[in-house]
Amino acid sequence: MIQQENGVFPAVCPLDCPDTCGLLLHKENGKIVKVTGNPEHPITKGAICNKVRHMTHRIYHPERVLYPLRRTGAKGEGAFERISWDEAIREITERFKALIAQYGPESILPYSFYGNMGILSVDGMDRRFFNALGASQLKQTICNSAGNAGFKSVMGFNGGTVPEDTEHADVIIVWGGNIVSTNMHQVVLAEKARKRGTKVIVIDVHKNQTGQWADWFIPLYPGTDAALAVGIMHIMFRDGLVDEEFLQRYTLGHEQLREHAASYTPEYVSSITGIPVADIEKLADLYGRAAVSYIHIGNGLQHHDNGGLTVRSITCLPALTGQWLKRGGGAAKSNGGYNSMNSEALERPDLRPNPEARTINMNRIGEALAMTEHPIKALFVYCSNPLVVAPDAERVQAGFAREDLFTVVHDLFMTDTAKYADIVLPATSSFENTDLYASYWHQYVQLQEPVIPALGESKSNVELFSLLGRAMGLDEEAFGEREEDMIVQALDYPDNPYLNGVTLERLKKERFVKLDMSPLATYLDRLPTPSGKIELYSAELEAAGLPPLPSYVPVKEGYDGVRRGRGRQYPLMFISPPNHNFLNSTFANVPKHQQLEKQPVLQIHPEDAHERGIEDGDQVVVYNDRGTYEVTAKVTDKMLPGTVVSQGLWWEGESRKQRANALTPDRLSDMGEGATFFSTVVEVQRQP
C-alpha cells in the first residue's frame, strides 16, 4: 500500500473510542486526501465521526514534529533545536545508564496511555523495554479501572451484552454516557430498536447531546447513581418484578439484597438524587416490566470517589429480571474481556530483573514527581499528554518543570507536555505503521498496515523502543522481532477461547475477523467469580472493607440532595466530560476542530448564575484550592442547580488558564484505584 501512489486502502481508526471503525484511506500522488468509512465493516458499516473524517488535518498538520529535538530554553518555553536520531539515542541511553548507576533503574518512569489504541504501540515493545530496564511500573488507571473493577465484582470478567443484540431490547437505558459523541454506532443500533417501539432513557448529570436525543432524560446529582440503582431494586422487589427462578439458579446474595434494598425507598432515593419520586417509580416500572432491557453503562459515572461501587450497583440490575438469558438483554461497561491477548508474550515481564519494582499510579503523577525519597529522575512520555489529561494539573506542571528531571516525549506534536521535555522524538501516525486493533465494544479484531511512509524522520513505538533496547545492550532477540512476529504471539493465546480462529493470515486476507463468540452461550454456568455465580453479595469486597451489597456511599468531595453545597467555601460540583469534537486532548490543536468547538465554556444553571451576578457570555474564573480555570459562562438549565459543566480538554491558551484539570483531585476511587475527576468542588466568579 505504501508503494502505490493512488488508490483506496483499508485502515482502522486508532482513537481511544469503543467503535474502532473500519476506514478507507483515499490516496492521490502518495498523499492521503480523504478518510471515509468502510461500508464492508460488519458493525461500523461506513459511518464515521467528524474526528476521523478530518484525520488528514492531524496527519498533515503544519506543526507536526518531524525530527528529533533537544531543548535549548527553559522548561515550558518551547525552545528546541533539531538534532539527529543518533544524537538523540546517544543522549537518552547515556542519561539512562548514568541514572541507573547512581539511583537505580526505578528512578526511570514510563508514562503512557492509549492515545493510539494499537496493541503493539502501547502494550508491546515499549513494555519490553521498560521491563528489561527494570524501570518503575506505571499503573494505568486514569480511564476505566474503577468501572471495570465494579463490573468484574459482579460478573467475574469484563464482557457484557454484544452490540448487535442490543437492537432487540424493548428498553435501553444509557446510564452516564454521552454515546452520541463517544459511541455513535451504539446510537445507530438504538435507533433500529426505536423504530419498532423501544424506549431510550438517558440518566446523566448533564443534558448533553445524548440526553437531548433520548426519549426520556433523567437528570440527577453527580455521584448519586448507586442510590438510584438500589432504589430501582427496592421497587422491583416490592412489586414482584423479579425473576425468582433466575435469582435462585444464577446469583449469590439475592435474599440479602432484598432485605438491604428495603431501606432505599423512593422518597429516600429522591432526597439524595434530586429525581422526583414519581419518576423513580416510573423508571423502575418500565425497567422491571420490559421483556428485554439493556443498560449501557457509560464512562463518566465511574470518575467519582464511589465510581466502582456505582458501576457495581448498576451491573447487578439485569440479574433481578434474568436479562442475561435474553437476546439483547443485560448490560455492558466494556467488552474488552472477550479479546484479551497474550500479554506475557507481548510485554515480556520475564525480562524484568526486579519483578517487585515499585508501581506508581498515573493519577498521582504530580505527587510522584514531588517525592524526595527515591525520586523519579527520568520520565518517558508517549501516547499521552499528562499536563492536560492528568488531575491536579498545576502540581503536575510543577513536577515537569524540575530541572533535575530528564524528560523524553515521543509524540506527533509539541504538546503542553512536550514543551517541558529535554528530548522530543517524532512519532508516526497509525497510518504509517503496522499494528493490531481490538475493540472494547464490538467483537472484531482488525489489522492496520502502513498506507503512507513515515513522515519526516518519525518512528513508530515499536521501532523506537526496539532501537533503544538494542542501544542499551538489552536482550537482542526480544528487541529484534518484527511487528508481524509480535502479532502472531499476541493472537496465540489458548487461555482465551474467544480468540479461536483469529490469525494473522486471516487478518491479512479479510482485514477484520470476528471473535469466536460460541463460548458466550453457556458462560453463566461458569462465571469466573469466586462463587461461580453472579455476585450480588461479594465476600471479597467485604474483606476489603467495602459494602458487600450494592450501596450508595457519598463522594468524599461533593454533595448530593441531602448534603447541599450552598453556604460552603466551594459550593458547586464541577464536571469536565468530553466534548463532541475532541477526544481527550487529541484534536484540541487542530484548527478545524477548534472552530467547531469555538472555545471552552462553563455551563452554569440560571439559579447559580443569578446568585453570582453572572450573565451568559461573561468571562468567569472557576477555582478551588488546587488551581484556577478561565472560561466563558454559558447559562443553561441542562443540569440541576449546584452543578457546573465544562466539556473538553483544551491545551493551555496564550492569554488565559484553560486546563480544566487544574481543578480536579488526584484521589483514587473506591475500587480499581481509578481517577476521581468528577468528585470536584469549586466556586465561580465573574471576571471584572
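Residues numbered from 1 in each chain as written. Predicted model: local features only at pLDDT ≥ 70, side-chain atom pairs only at ≥ 80, totals over all residues. Heavy atoms only, no water.

### Describing the packing of helix α13 (residues 266–273) against helix α14 (residues 277–289)
Here is step 1 of the chain: Direction vectors running N to C along α13 and α14 enclose 115 degrees, while the axes themselves pass 9 Å from each other. Viewed along their axes, α13 and α14 adopt a mutual orientation that is roughly perpendicular. The chirality of how α13 crosses α14 is right-handed. Where α13 approaches α14, its residues P266, E267, V269, S270 and T273 are matched on the opposing element by V277, I280 and E281.
Here is step 2 of the chain: For the contact of α13 with α14, the class distribution of residues is four nonpolar, two polar and two charged. (Axes fitted to C-alpha atoms, helices over the stretch in contact; angles between N-to-C directions. Helix = DSSP H or I, 4+ residues; strand = E, 2+ residues; numbered from the N terminus. Parallel < 35°, antiparallel > 145°, perpendicular 65-115°, else oblique. Left-handed = near helix turned anticlockwise from the far one by under 90°. Contact = heavy atoms within 4.5 Å. Nonpolar A, V, L, I, M, F, W, Y, C, P; charged D, E, K, R; others polar.)

### A few points about the packing of aromatic side chains
Here is step 1 of the chain: If you walk through the whole model with that rule in mind, you get 17 aromatic pairs.
Here is step 2 of the chain: Arranged with centres 6.4 Å apart and planes meeting at 10 degrees, the rings of F130 and Y382 form a pair that is stacked. Remark: Y382 occurs in strand β15 (residues 378–382) and F130 occurs in helix α5 (residues 125–133); sequence separation between them is 252 residues.
Here is step 3 of the chain: Assessed through its relative accessible area of 4%, F130 is described here as buried.
Here is step 4 of the chain: Judged by centre distance (5.6 Å) and plane angle (70 degrees), the ring pair of Y264 and Y268 falls under edge-to-face. (Phe/Tyr/Trp six-rings, centres within 6.5 Å; stacked < 30°, edge-to-face > 60°. Buried < 20%, exposed > 50% of the residue type's maximum accessible area, 1.4 Å probe, protein only.)

### What to know about the UniProt feature "domain: 4Fe-4S Mo/W bis-MGD-type" (unreviewed entry) in the protein
Here is step 1 of the chain: In the numbering adopted here, UniProt assigns the feature "domain: 4Fe-4S Mo/W bis-MGD-type" (unreviewed entry) to residues 6–63.
Here is step 2 of the chain: Along residues 6–63 one finds 16% helix and 34% strand; the C-alpha atoms at either end are 26 Å apart. (UniProt positions renumbered as here; feature names shortened; annotations may be inferred.)

### Describing the side chain of N158
Here is step 1 of the chain: Tracing the backbone through its elements, the reader meets N158 in the loop between α6 (145–155) and β8 (171–175).
Here is step 2 of the chain: With near-sequence residues (within four places) excluded, N158 lies in contact with N148, F151, K152, S334, N335, G336, G337 and Y338.

### Observations concerning the sheet that holds strand β27 (residues 681–686)
Here is step 1 of the chain: Strand order around the closed barrel formed by six strands is β22-β26-β23-β25-β24-β27, with mixed pairing between neighbours. Strand-to-strand, the axes of this sheet are offset by a mean angle of 45 degrees, without reference to chain direction.
Here is step 2 of the chain: As defined by bridge partners, strand β23 (residues 601–604) adjoins strand β26 (residues 643–645) across two bridges and the pair is classed as antiparallel. Paired with Q603 across the bridge in β26 is V645. (Pairing = 2+ DSSP bridges.)

### Some points on the pattern of salt bridges
Here is step 1 of the chain: As enumerated under the stated definition, the model contains 46 salt bridges in all.
Here is step 2 of the chain: E432 is the partner of R64 in a salt bridge, and the nearest nitrogen-oxygen pair spans 2.9 Å. Of this pair, R64 sits in the loop between α2 (55–59) and β4 (69–71) while E432 is found in the loop between β17 (423–426) and β18 (435–438), placing the two residues 368 residues apart along the sequence. For the pair formed by R64 and E432, the shared burial category is buried.
Here is step 3 of the chain: For D422, the salt bridge is made with R71, and the minimal N-O distance between the two is 2.7 Å. You can see D422 sitting in the loop between β16 (406–411) and β17 and its partner R71 sitting in strand β4, a full 351 residues away along the chain. When sorted by exposure, D422 lands in the same class as R71, which is buried.
Here is step 4 of the chain: Each of R70, E81, E87 and E91 takes part in salt bridges that share partners, so that together they form one network. (Salt bridge = Lys/Arg side-chain N within 4 Å of Asp/Glu carboxyl O.)

### Side note on the sheet that holds strand β2 (residues 22–28)
Note: strands within a sheet are paired through backbone hydrogen bonds, in either parallel or antiparallel orientation.
Here is step 1 of the chain: Spatially, the three strands line up as an open sheet ordered β1-β2-β3, and their pairing is antiparallel. In this open sheet, the two strands that pair with only one neighbour each are β1 (7–12) and β3 (31–37). On average, each strand axis in the sheet is inclined to that of its neighbour by 30 degrees, with strand direction left out of account.
Here is step 2 of the chain: For β1 and β2, the ladder comprises six bridges, and the chain directions are antiparallel. Residue V8 lies in a different strand from β2, and its bridge partner there is H26.

### A word on the nonpolar core
Here is step 1 of the chain: Among the nonpolar cores identified, the biggest contains 169 residues, and F96, F129, W175, L228, W324, F380 and I534 are the most heavily contacted of them.
Here is step 2 of the chain: Element by element, the count of residues in this core is highest for helix α10 (residues 225–238), at 10 residues.
Here is step 3 of the chain: Ignoring anything within four residues of it in the chain, the contact list for L228 reads W175, I203, L220, V269, T273, I275, I280 and L283.
Here is step 4 of the chain: Residues C21, V35, M55 and I59 belong to the second largest nonpolar core, which totals 19 residues. (Core = buried A, V, L, I, M, F, W, Y, C linked by side-chain atoms within 4.5 Å.)

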